[in-house]
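Chain and residue survey
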Amino acid sequence: MFANPAAERLFGWSQNELLGRKLHDVIHHHHPDGTPFPMSECALGEVFATGRSLKAHEDVFFHRDGRQIPVSCSNAAITRNGEVIAGVLVVRTSPSASFSKSGES
C-alpha cells in the first residue's frame, strides 16, 4: 500500500501503520450514522470484484481520531493478465458530500 503525505495528514495514519491492513477497515468501516459498513456493501470495493472504475463517488471516510471526513473519490483497478491485483484510490475532501449515506452515489 502507498499513502502519500497528504493522505497521511488527512486520515491520521502513516504509510507504515497502514501496511498489511485493508484500507476499508481503517478509514471506511462505518456509515456516518455509526452502523457498521462491511466491505461487501462498499461501492469502492466493487472495483476489486468487477475491475470497473468508480468516479466522483461522494462518501464519508474517517480520521484516526474518529472524525468524519466528507470526500469525493475515484477508484480504479490495476490488472495483470485480466486479473485485478490492486487498486488506485484518489480522494479529495468534499464539503458537499452527504453525511446521510443511502448506498447511492
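One can find the structure itself at the top, above this paragraph.
Residues numbered from 1 in each chain as written. Predicted model: local features only at pLDDT ≥ 70, side-chain atom pairs only at ≥ 80, totals over all residues. Heavy atoms only, no water.

**A look at the sheet that holds strand β3 (residues 83–93)**
- Reading across the sheet, the three strands line up as β1-β2-β3 and stay open at both edges, with antiparallel pairing between neighbours. Of all the strands in the sheet, the pair left with one neighbour each is β1 (54–62) and β3. The average undirected angle you get between the axes of adjacent strands in this sheet is 40°.
- Sheet analysis places strand β2 (residues 68–80) next to β3, joined by ten bridges and oriented antiparallel. Bridge assignment links Cys73 to a residue of β3, and that residue is Val91. (Pairing = 2+ DSSP bridges. Helix = DSSP H or I, 4+ residues; strand = E, 2+ residues; numbered from the N terminus. Axes fitted to C-alpha atoms, helices over the stretch in contact; angles between N-to-C directions.)

**Here we look at the nonpolar core**
- Within the largest apolar cluster, 15 residues are counted, with the highest numbers of intra-cluster contacts made by Phe11, Trp13, Ile27, Leu44 and Phe61.
- Here the element with the most residues in this core is β2; it accounts for three residues.
- The residues contacting Phe11, other than those within four sequence positions of it, are Ile27, Phe61, Phe62, His63, Arg64, Ile69 and Val91. (Core = buried A, V, L, I, M, F, W, Y, C linked by side-chain atoms within 4.5 Å. Buried < 20%, exposed > 50% of the residue type's maximum accessible area, 1.4 Å probe, protein only. Contact = heavy atoms within 4.5 Å.)

**Here's the deal with a nonpolar patch on the surface**
- Taken together, Ile78, Ile85, Val88 and Val90 make up a surface patch of nonpolar side chains, about 290 Å² in accessible area.
- Top element by residues in the nonpolar patch is β3. It accounts for three residues.
- By secondary structure assignment, the location of Ile78 is in strand β2. (Patch = residues over 30% accessible without salt bridge, like charges linked within 9 Å, V, L, I, M, F, W, Y side chains within 5 Å. Areas by Shrake-Rupley, 256 points an atom, 1.4 Å probe, with all protein chains shown as cover. Salt bridge = Lys/Arg side-chain N within 4 Å of Asp/Glu carboxyl O.)

**Description of the layout of surface pockets**
- As a volume, the largest pocket reaches approximately 810 Å³.
- Around the largest pocket, the lining comprises 29 residues; the ones closest to its centre are Met1, Phe2, Leu23, Gly87 and Leu89.
- Put simply, the parts of the chain that give the lining of the largest pocket at least two residues each are α1 (5–11), α3 (23–27), β2 and β3.
- At six residues, β3 tops the list of elements feeding residues into the lining of the largest pocket.
- Looking at the lining of the largest pocket residue by residue, the classes come out as 21 nonpolar, six polar and two charged. (1 Å grid on protein atoms, 1.4 Å probe; cavity = no way out; pocket = protein on both sides within 12 Å on 5 of 7 lines; lining within 4 Å. Points joined across faces, edges and corners; volume = space filled by probe spheres on them. Nonpolar A, V, L, I, M, F, W, Y, C, P; charged D, E, K, R; others polar.)

**Structural notes on the packing of aromatic side chains**
- Taken as a whole, this structure holds one aromatic pair when the rule is applied.
- When the centroid spacing of 5.9 Å and the interplanar angle of 55° are considered together, the rings of Phe11 and Phe61 count as tilted. Within this pair, whereas Phe11 is found in helix α1, its partner Phe61 is found in strand β1, the two being separated by 50 residues in sequence.
- Residue classification places Phe11 among the buried positions, given a relative accessible area of 8%.
- The ring of Trp13 carries the charged tip of Arg21 above its face, separated from the ring centre by 4.9 Å. (Phe/Tyr/Trp six-rings, centres within 6.5 Å; stacked < 30°, edge-to-face > 60°. Lys NZ or Arg CZ within 6 Å of the ring centre and 35° of its normal.)

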